[in-house]
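What follows is each chain in one-letter form.
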Amino acid sequence: QVQLVESGGGLVQPGGSLSLSCAASGSIFSIGNMGWYRQAPGKQRELVARITSGGSTNFADSVKGRFTISGDNAKKTVHLQMNSLKPEDTAVYYCNAQIKTRSFSFLNDYWGQGTQVTVSS
């Protein structure tokens, strides 16, 4: 079994910062991309930021210049640093990882349980 456990999140005022962390555990042979998605009420889940196993990153246009993502494949962790937060960043944030559980298996998507981020004064 594979688990993704998130930590961080909470309530912050506009302009503030928060950090999210995610750790993968369980039967893991290798990890491909890791990243963060978010879903606001009444909206579809969207990609926030992603980091590949090679260290390349990409970000949603709405968070470029404000968010950074870092990961450590050996430690099976990914972190999202969120600065200059805006009310429109309010959402449930989900950790995502593409994981092979066996050498011969395909990469499958795994998700964390989600953590609430609320930006409000």
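To start, this report covers the structure provided alongside it. (Residues numbered from 1 in each chain as written. Predicted model: local features only at pLDDT ≥ 70, side-chain atom pairs only at ≥ 80, totals over all residues. Heavy atoms only, no water.)

1. Some thoughts on the overall build of the chain
Heads up, the condition is: Per the convention used, a helix needs a DSSP run of H or I reaching at least four residues, while a strand needs a run of E reaching at least two, with both numbered from the N terminus. Radius of gyration: over C-alpha atoms. The globule rule applied is 2.2 Å multiplied by the number of residues raised to the 0.38 power. Burial classes: relative accessible area under 20% of the type maximum marks a residue as buried, over 50% as exposed, and values in between as partly exposed (1.4 Å probe, protein chains only). All accessible-area figures derive from a Shrake-Rupley calculation using a 1.4 Å probe, and residue coverage is judged against the displayed protein chains alone. Positive: Lys, Arg. Negative: Asp, Glu. His and the chain ends are not part of the count. Charged groups are reduced to one reference atom each: NZ for lysine, CZ for arginine, CG for aspartic acid, CD for glutamic acid.
Within the chain, the regular secondary structure consists of zero helices and eleven strands. Beginning at the N terminus, the succession of helices and strands in the chain can be written as β-β-β-β-β-β-β-β-β-β-β. Here the C-alpha radius of gyration of the chain, 14 Å, is about what a compact globule of 121 residues would show, namely 14 Å. Principal axes of the C-alpha set define a box for the chain whose edges measure 50 × 25 × 25 Å. Every one of the 121 residues in the chain was classed for burial, and the buried ones make up 38%. Summed over all atoms, the accessible surface of the chain reaches about 6500 Å², with 48% contributed by carbon and sulfur. Between the centroid of the 11 positive side chains of the chain and the centroid of its 7 negative side chains there is a distance of 5 Å.

2. Looking at the nonpolar core
Here is the rule we go by: Residues grouped as a nonpolar core are buried Ala, Val, Leu, Ile, Met, Phe, Trp, Tyr and Cys residues, joined through side-chain atoms within 4.5 Å.
Counting 30 residues, the largest nonpolar core has Trp-36, Leu-80, Met-82 and Tyr-93 as the members making the most contacts within it. Put simply, the parts of the chain that give this core at least two residues each are strand S1 (2–8), strand S3 (18–26), strand S4 (30–39), strand S5 (46–51), strand S7 (67–72), strand S8 (77–82), strand S9 (91–100) and strand S11 (115–119). It is S9 that contributes the most residues to this core, five residues altogether.

3. Some details on the side chain of Thr-115
Condition: Here a polar contact is recorded for every N or O atom pair within 3.5 Å, except that within protein the pair must consist of a potential hydrogen donor and a potential acceptor, and residues adjacent in sequence are included only if both atoms are side-chain atoms. Two residues qualify as a contact provided that any one of their heavy atoms is within 4.5 Å of a heavy atom in the partner residue.
Tracing the sequence through the fold places Thr-115 in strand S11. Only 3.0 Å separates the side chain of Thr-115 from the backbone oxygen of Gly-8, close enough to count as a polar contact. For Thr-115, the contacting residues outside a window of four places in its chain are Glu-6, Gly-8, Gly-9, Leu-20, Ala-91, Val-92 and Tyr-93.

4. Digging into the state of the cysteines
Applicable threshold: Any two cysteine sulfur atoms within 2.5 Å of one another count as a disulfide.
Following the criterion strictly, the structure yields one disulfide and no others. There is a disulfide in this structure between Cys-22 and Cys-95, and the S-S distance comes to 2.1 Å. Residues Cys-22 and Cys-95 share a disulfide whose torsion about the S-S bond is about -80°; that sign makes it left-handed. Of this pair, Cys-22 sits in strand S3 while Cys-95 sits in strand S9, placing them 73 residues apart in sequence.

5. Points about the environment of Asp-61
One can find Asp-61 in the loop between strand S6 (57–59) and S7. Overall, the relative accessible area of 65% leaves Asp-61 in the exposed class. Put simply, Asp-61 and Val-48 are 13 residues apart on the chain and 8.6 Å apart in space, counted from C-alpha to C-alpha. Within the local environment of Asp-61, its side chain forms a polar contact with the side chain of Lys-64, the two groups lying 3.0 Å apart.

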